[in-house]
Structures are given as C-alpha cells and as structure tokens.
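Letter by letter, the chains look like this.
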Amino acid sequence: MFQPSPLRRTYAAALRDLTSSKPSVRASAAADLLSVGTDTPRAAADALAPLLDDGDSSVRTVALTTLGALDARHLLDAIAARLDDGESTVRQMAAVALSDLGGDRALEALRGALRHRHDDVRYQALLGIVSASPGEGFAVALEAVDDADPWIASEAAEQLGYLLDPQ
C-alpha cells in the first residue's frame, strides 16, 4: 500500500525535538537541522551545542557532523573537546568536524590530535589535515608512514599516493 513520505521537520520542530527524552528523536532532529537550519546557521549551531554533552553517543556523533557542516567555527573548542570522548565514533567525528571547519584554529587542533593516545583520533587527524591543507598533509602523511599503528601507516601511504597523483 502506498504511503506518502512523512513531512520534513520544520526548524521550530527540530529545535523542539532536540530536547526529546528519546535519543533517536534528538539525533534525527540534529540531523534535520542541517537542512532546515541553514537560514540561521549560527542559531542552529548554538541549539546543537548542548548535545555535545548528550548521554547518548549517537546523538553526540550526529551533533558533531551537523556542526561541521554548519561551519560552527565559534564552537571549535567544544568540538575539539570531543576528541577525548569515551566513544570512538564520537572522537572520530570530532576530528572530521574540525576538518570540515578548516582554518588555522581547526588545523592547530588537528595537529595536536596527531599525537593523541587513541589511534582512531590520529587516523582521522591525518585525513583531516590532508583534506584541509594538502601541502601540509603531504608532510604529515610522510611522517605517519612510520606510525606504530598499521592502519595509520597504511592510510598515510595511500594518502601520499593520492597527493602525488597529478590527476
């Protein structure tokens, strides 16, 4: 039987649902702010900021993804703090969000993340620097080829190949 797709959440509904008792609703509202919060990206980002401390890791992950896409540079310190989150996916998305933000402060945070105790953060920091600053990324990837983690070393070699490919 045919059923129409549910209506897209409005901006006001997304803001309301950010405080739902259900983590799945908070996460979907955070994701929806990416499409309905673009007229007021700073206000949307500010509404998402409390979710960086949400008790559910999936909510924190979606909040970071959306904040990076909304270019929430004013929340860079709060985003960078999630590099030390207890959940791997959240840590990785914090690095990805920093890469999405770009700029000197984000690159500085990613440079620091290259020495992080967690391999997943170092991995994403490598990718983030290569993406945000290919010139610097070359030197970072060259150094990371010697990383003790084989996944990081392998990814560094792959990134060098991409950076050296003239196409």
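Above this note sits the structure.
What you are looking at is a predicted structure, and each value in this text was computed from that prediction instead of being measured.

> For this particular structure, what's the right way to read the overall build of the protein?
Broken down by element type, the protein carries 10 helices and zero strands. The secondary structure elements of the protein, listed N-terminal to C-terminal, are α-α-α-α-α-α-α-α-α-α. Across the 167 residues of the protein, 44% fall into the buried class. Of the contacts made within the protein by residues no fewer than 6 positions apart, 55% connect residues no fewer than 24 positions apart. The average position of the 15 basic charges and that of the 25 acidic charges among the side chains of the protein differ by 8 Å.

> What am I meant to see in the pattern of salt bridges here?
Between side chains of opposite charge, a pair can form as their charged atoms come close. Applying the stated criterion across every chain yields a total of 15 salt bridges. Across the pair Asp17 and Arg16 runs a salt bridge, and its minimum N-O distance is 2.9 Å. Given the relative accessible area of 12%, Asp17 is considered buried. For Asp53, the salt bridge is made with Arg82, and the minimal N-O distance between the two is 3.4 Å. Pair noted here: Asp53 is in the loop between helix 3 (41–48) and helix 4 (57–69) and Arg82 is in the loop between helix 5 (76–81) and helix 6 (88–101), with a separation of 29 residues, a long-range link. For Arg82, a relative accessible area of 17% puts it in the buried group.

So, how was this worked out
- Residues numbered from 1 in each chain as written.
- Predicted model: local features only at pLDDT ≥ 70, side-chain atom pairs only at ≥ 80, totals over all residues.
- Heavy atoms only, no water.
- Helix = DSSP H or I, 4+ residues; strand = E, 2+ residues; numbered from the N terminus.
- Buried < 20%, exposed > 50% of the residue type's maximum accessible area, 1.4 Å probe, protein only.
- Contact = heavy atoms within 4.5 Å.
- Lys, Arg positive; Asp, Glu negative; His and termini not counted.
- Charge placed at Lys NZ, Arg CZ, Asp CG, Glu CD.
- Salt bridge = Lys/Arg side-chain N within 4 Å of Asp/Glu carboxyl O.

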